[in-house]
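Read off the chains here:
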Amino acid sequence: MKVTQYNTTQYGKFISAEVKPAVYAGGVRTLLPAGEAQGFWGFGVAITGSSCYNLNQMEPADRRAFLQAIYGKEGLNLQVGRISIGSSDYSAELYTYADEGPNSFSIERDKEYIIPMLREILAVNPELKLLASPWSPPAWAKTGGSICGGCMRPEYVEDYAAYIVKFVEAYQAEGIPIAALTPQNEPQTDQRGQMPACTWQPDTEAKFVAALRKKLTEAGLSTEIWLYD
(Lines give C-alpha, C1' and ligand atoms only; values in the text may rest on other atoms or scores of the structure.)
Protein backbone atom coordinates (compact mmCIF):
# COMPACT_ATOMS: atom_id res chain seq x y z
CA MET A 1 0.00 0.00 0.00
CA LYS A 2 1.40 3.38 -1.01
CA VAL A 3 1.22 5.97 1.77
CA THR A 4 1.76 9.72 1.45
CA GLN A 5 2.23 12.01 4.44
CA TYR A 6 0.78 15.53 4.18
CA ASN A 7 1.87 18.34 6.45
CA THR A 8 2.18 22.11 6.70
CA THR A 9 5.17 24.12 7.85
CA GLN A 10 4.96 26.75 10.57
CA TYR A 11 4.62 29.29 7.77
CA GLY A 12 1.57 27.55 6.26
CA LYS A 13 3.34 25.95 3.28
CA PHE A 14 1.74 22.66 2.23
CA ILE A 15 4.18 19.78 1.74
CA SER A 16 3.92 16.07 1.03
CA ALA A 17 6.31 13.15 1.27
CA GLU A 18 6.07 9.47 0.45
CA VAL A 19 6.26 7.19 3.47
CA LYS A 20 8.80 4.49 2.74
CA PRO A 21 7.81 0.87 3.43
CA ALA A 22 9.38 -0.88 6.40
CA VAL A 23 12.54 -2.80 5.61
CA TYR A 24 12.83 -6.54 6.16
CA ALA A 25 14.18 -7.45 9.61
CA GLY A 26 15.47 -10.99 9.50
CA GLY A 27 15.61 -11.46 13.26
CA VAL A 28 11.98 -10.52 13.89
CA ARG A 29 9.57 -13.33 14.73
CA THR A 30 5.84 -13.34 15.39
CA LEU A 31 4.86 -14.84 18.73
CA LEU A 32 1.54 -16.66 18.82
CA PRO A 33 0.00 -17.69 22.17
CA ALA A 34 -0.60 -21.39 22.63
CA GLY A 35 -4.19 -20.69 23.68
CA GLU A 36 -6.54 -17.75 23.80
CA ALA A 37 -4.81 -14.63 25.13
CA GLN A 38 -6.55 -13.68 28.36
CA GLY A 39 -7.93 -10.16 28.30
CA PHE A 40 -6.39 -9.32 24.93
CA TRP A 41 -8.93 -7.70 22.63
CA GLY A 42 -6.68 -7.05 19.67
CA PHE A 43 -4.94 -4.11 18.04
CA GLY A 44 -6.46 -0.75 17.24
CA VAL A 45 -6.08 2.98 16.83
CA ALA A 46 -7.65 6.16 18.16
CA ILE A 47 -10.72 7.45 16.35
CA THR A 48 -10.43 11.13 17.23
CA GLY A 49 -12.85 13.97 16.67
CA SER A 50 -10.53 15.52 14.07
CA SER A 51 -10.19 12.14 12.31
CA CYS A 52 -13.98 11.89 12.09
CA TYR A 53 -14.15 15.47 10.83
CA ASN A 54 -11.67 14.74 8.04
CA LEU A 55 -13.29 11.43 7.15
CA ASN A 56 -16.55 13.32 6.80
CA GLN A 57 -14.95 15.46 4.05
CA MET A 58 -14.14 12.44 1.88
CA GLU A 59 -16.28 11.16 -0.96
CA PRO A 60 -18.44 8.30 0.42
CA ALA A 61 -16.99 5.68 -1.93
CA ASP A 62 -13.40 6.69 -1.13
CA ARG A 63 -14.16 6.73 2.59
CA ARG A 64 -15.73 3.28 2.43
CA ALA A 65 -12.66 1.87 0.67
CA PHE A 66 -10.39 3.56 3.22
CA LEU A 67 -12.34 2.15 6.18
CA GLN A 68 -12.39 -1.30 4.59
CA ALA A 69 -8.60 -1.17 4.31
CA ILE A 70 -8.31 -0.43 8.04
CA TYR A 71 -11.19 -2.31 9.67
CA GLY A 72 -12.22 -4.89 7.05
CA LYS A 73 -11.28 -8.55 7.33
CA GLU A 74 -9.37 -8.27 4.05
CA GLY A 75 -7.53 -5.19 5.34
CA LEU A 76 -5.78 -4.57 8.66
CA ASN A 77 -8.86 -5.94 10.48
CA LEU A 78 -8.31 -3.74 13.54
CA GLN A 79 -10.40 -4.87 16.49
CA VAL A 80 -10.25 -1.95 18.94
CA GLY A 81 -10.98 1.75 18.63
CA ARG A 82 -10.32 4.45 21.21
CA ILE A 83 -12.64 7.46 21.30
CA SER A 84 -12.76 10.53 23.52
CA ILE A 85 -15.60 11.49 25.84
CA GLY A 86 -16.07 15.08 24.70
CA SER A 87 -13.06 17.00 23.42
CA SER A 88 -9.52 15.68 23.27
CA ASP A 89 -6.33 17.35 22.05
CA TYR A 90 -7.28 16.00 18.61
CA SER A 91 -10.75 17.53 18.35
CA ALA A 92 -12.06 20.17 15.99
CA GLU A 93 -13.62 22.13 18.87
CA LEU A 94 -13.59 22.38 22.67
CA TYR A 95 -16.63 21.09 24.54
CA THR A 96 -18.03 18.61 27.04
CA TYR A 97 -21.54 17.15 27.13
CA ALA A 98 -22.57 19.29 30.11
CA ASP A 99 -21.05 22.72 29.61
CA GLU A 100 -24.05 24.42 31.22
CA GLY A 101 -23.80 22.64 34.59
CA PRO A 102 -24.44 19.29 36.31
CA ASN A 103 -28.09 19.18 35.20
CA SER A 104 -27.32 19.72 31.51
CA PHE A 105 -26.34 16.91 29.13
CA SER A 106 -26.31 16.52 25.36
CA ILE A 107 -24.31 14.62 22.73
CA GLU A 108 -25.80 16.69 19.88
CA ARG A 109 -22.39 17.97 18.75
CA ASP A 110 -21.18 14.42 18.23
CA LYS A 111 -24.14 13.71 15.93
CA GLU A 112 -22.73 16.05 13.28
CA TYR A 113 -19.78 13.88 12.19
CA ILE A 114 -18.42 11.73 15.05
CA ILE A 115 -21.37 9.40 15.57
CA PRO A 116 -22.00 9.01 11.81
CA MET A 117 -18.35 8.02 11.27
CA LEU A 118 -18.42 5.54 14.15
CA ARG A 119 -21.53 3.97 12.65
CA GLU A 120 -19.78 3.62 9.29
CA ILE A 121 -16.80 1.98 10.96
CA LEU A 122 -19.03 -0.41 12.88
CA ALA A 123 -20.82 -1.26 9.64
CA VAL A 124 -17.44 -2.41 8.27
CA ASN A 125 -16.50 -4.26 11.48
CA PRO A 126 -19.49 -4.88 13.80
CA GLU A 127 -17.18 -6.70 16.23
CA LEU A 128 -15.04 -3.61 16.87
CA LYS A 129 -14.70 -2.88 20.60
CA LEU A 130 -14.71 0.78 21.60
CA LEU A 131 -12.67 2.13 24.51
CA ALA A 132 -13.73 5.61 25.65
CA SER A 133 -11.58 8.06 27.61
CA PRO A 134 -12.28 11.59 28.88
CA TRP A 135 -9.58 14.22 28.44
CA SER A 136 -11.39 16.48 30.90
CA PRO A 137 -14.49 16.62 33.09
CA PRO A 138 -16.78 19.61 32.50
CA ALA A 139 -15.30 22.91 33.68
CA TRP A 140 -17.71 23.21 36.63
CA ALA A 141 -16.22 20.03 38.16
CA LYS A 142 -12.65 21.36 38.17
CA THR A 143 -10.41 23.92 39.77
CA GLY A 144 -9.79 26.81 37.41
CA GLY A 145 -13.19 26.52 35.74
CA SER A 146 -11.78 25.37 32.39
CA ILE A 147 -11.53 22.05 30.59
CA CYS A 148 -7.93 22.96 29.73
CA GLY A 149 -5.73 22.16 32.74
CA GLY A 150 -6.83 22.20 36.38
CA CYS A 151 -7.67 19.45 38.88
CA MET A 152 -10.77 17.40 39.58
CA ARG A 153 -12.77 18.72 42.56
CA PRO A 154 -13.63 15.83 44.94
CA GLU A 155 -17.11 17.19 45.74
CA TYR A 156 -18.20 16.52 42.14
CA VAL A 157 -17.18 12.86 41.97
CA GLU A 158 -20.78 11.56 42.11
CA ASP A 159 -22.04 14.08 39.53
CA TYR A 160 -19.19 13.25 37.20
CA ALA A 161 -19.79 9.51 37.53
CA ALA A 162 -23.43 10.11 36.57
CA TYR A 163 -22.22 12.17 33.58
CA ILE A 164 -20.07 9.31 32.28
CA VAL A 165 -22.96 6.85 32.64
CA LYS A 166 -25.18 9.23 30.65
CA PHE A 167 -22.54 9.23 27.91
CA VAL A 168 -22.46 5.42 27.75
CA GLU A 169 -26.25 5.25 27.67
CA ALA A 170 -26.55 7.98 25.02
CA TYR A 171 -24.03 6.32 22.72
CA GLN A 172 -25.66 2.94 23.23
CA ALA A 173 -28.99 4.49 22.21
CA GLU A 174 -27.27 5.59 18.98
CA GLY A 175 -26.19 2.02 18.29
CA ILE A 176 -22.63 2.52 19.51
CA PRO A 177 -21.82 0.27 22.49
CA ILE A 178 -18.92 1.26 24.74
CA ALA A 179 -16.97 -1.82 25.80
CA ALA A 180 -14.61 -0.12 28.26
CA LEU A 181 -13.84 3.21 29.92
CA THR A 182 -10.81 4.79 31.48
CA PRO A 183 -11.32 7.43 34.20
CA GLN A 184 -8.95 9.95 32.67
CA ASN A 185 -6.45 10.31 29.85
CA GLU A 186 -3.01 10.99 31.37
CA PRO A 187 -4.25 11.87 34.88
CA GLN A 188 -0.93 13.36 36.00
CA THR A 189 -0.55 16.05 33.34
CA ASP A 190 -2.25 19.42 32.89
CA GLN A 191 -0.80 20.07 29.39
CA ARG A 192 0.11 23.57 30.66
CA GLY A 193 -3.51 24.58 30.22
CA GLN A 194 -3.18 24.49 26.43
CA MET A 195 -5.60 21.62 25.69
CA PRO A 196 -8.22 19.46 27.41
CA ALA A 197 -6.59 17.82 30.44
CA CYS A 198 -7.18 17.21 34.12
CA THR A 199 -4.95 16.28 37.04
CA TRP A 200 -6.36 13.69 39.45
CA GLN A 201 -5.23 12.97 43.00
CA PRO A 202 -5.08 9.17 43.49
CA ASP A 203 -7.58 9.10 46.37
CA THR A 204 -10.07 11.18 44.38
CA GLU A 205 -9.68 8.95 41.34
CA ALA A 206 -10.21 5.85 43.49
CA LYS A 207 -13.48 7.29 44.85
CA PHE A 208 -14.56 8.17 41.33
CA VAL A 209 -13.89 4.67 40.00
CA ALA A 210 -15.90 3.15 42.86
CA ALA A 211 -18.79 5.55 42.21
CA LEU A 212 -18.64 4.94 38.46
CA ARG A 213 -18.65 1.16 38.82
CA LYS A 214 -21.66 1.36 41.15
CA LYS A 215 -23.63 3.60 38.79
CA LEU A 216 -22.76 1.53 35.72
CA THR A 217 -23.95 -1.63 37.47
CA GLU A 218 -27.14 0.05 38.68
CA ALA A 219 -27.81 1.11 35.08
CA GLY A 220 -27.40 -2.48 33.90
CA LEU A 221 -24.20 -1.70 32.02
CA SER A 222 -21.33 -4.20 31.90
CA THR A 223 -18.85 -1.63 30.53
CA GLU A 224 -15.38 -2.33 31.92
CA ILE A 225 -13.21 0.26 33.69
CA TRP A 226 -9.51 0.18 32.88
CA LEU A 227 -6.57 1.67 34.79
CA TYR A 228 -4.00 3.25 34.44
CA ASP A 229 -4.45 5.33 31.30
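This structure is a prediction, so every number in the text was calculated from the model and none was measured.

**Digging into the packing of helix 4 (residues 157-173) against helix 5 (residues 202-218)**
Item 1. Contact geometry for helix 4 and helix 5: axes closest at 9 Å, N-to-C directions at 45°. Looking at the two axes, helix 4 sits oblique to helix 5. Crossing angle aside, the handedness with which helix 4 passes helix 5 is right-handed. Where helix 4 approaches helix 5, its residues Val157, Glu158, Tyr160, Ala161, Ala162, Ile164, Val165 and Val168 are matched on the opposing element by Thr204, Lys207, Phe208, Ala211, Leu212, Lys215 and Leu216.
Item 2. Among the residues forming the contact of helix 4 with helix 5, the class breakdown is eleven nonpolar, one polar and three charged.

**What to know about the state of the cysteines**
Item 1. In the structure shown here, the tally under the stated rule is zero disulfides.
Item 2. Cys148 carries a free sulfur, and the closest cysteine sulfur to it, the one in Cys198, is 11 Å from it.
Item 3. Relative accessible area serves as the criterion here: at 17%, Cys148 is assigned to the buried category.
Item 4. Between Cys151, a free cysteine, and Cys198, which holds the nearest cysteine sulfur, the sulfur-to-sulfur gap is 6.5 Å.

**Here we look at the environment of Thr48**
Item 1. For Thr48, the location among the structural elements is in the loop between strand 3 (44-46) and helix 1 (49-57).
Item 2. The class for Thr48 is buried, based on a relative accessible area of 15%.

**Quick word on the environment of Thr204**
Item 1. Tracing the backbone through its elements, the reader meets Thr204 in helix 5.
Item 2. For the pair Thr204 and Glu74, spaced 130 residues apart in the sequence, the C-alpha separation amounts to 45 Å.
Item 3. Excluding its chain neighbours within four sequence positions, the residues that come into contact with Thr204 are Met152, Pro154 and Val157.

Conventions adopted
- Residue positions are given per chain, counted from 1 along the sequence in the order it is written.
- Owing to the predicted nature of the model, reporting of local features is limited to residues with pLDDT of at least 70; listing and counting of side-chain atom pairs is limited to 80 or more, with chain, interface and lining totals taken over all residues.
- With hydrogens and water excluded, all non-hydrogen atoms of the structure serve as input to the side-chain values.
- Axis definition: a line fitted to C-alpha atoms, limited for helices to the stretch in contact. Angles are taken between N-to-C directions and run from 0 to 180 degrees.
- Each helix is a run of DSSP H or I of at least 4 residues and each strand a run of E of at least 2, with the numbering of both proceeding from the N terminus.
- Any angle that is under 35 degrees is reported as roughly parallel, and any over 145 degrees as roughly antiparallel; angles of 65 to 115 degrees are reported as roughly perpendicular and all others as oblique.
- In a left-handed crossing the near helix is turned counterclockwise from the far helix by less than a right angle, and in a right-handed crossing that turn is clockwise.
- By definition, residues are in contact when any of their heavy atoms lie within 4.5 Å.
- Classification convention: Asp, Glu, Lys, Arg as charged; Ala, Val, Leu, Ile, Met, Phe, Trp, Tyr, Cys, Pro as nonpolar; all other residues, Gly among them, as polar.
- The criterion for a disulfide is a pair of cysteine sulfur atoms lying within 2.5 Å.
- Accessibility here uses a 1.4 Å probe with only protein chains present; expressed as a share of the type maximum, an area under 20% marks a residue as buried, one over 50% as exposed, and anything in between as partly exposed.

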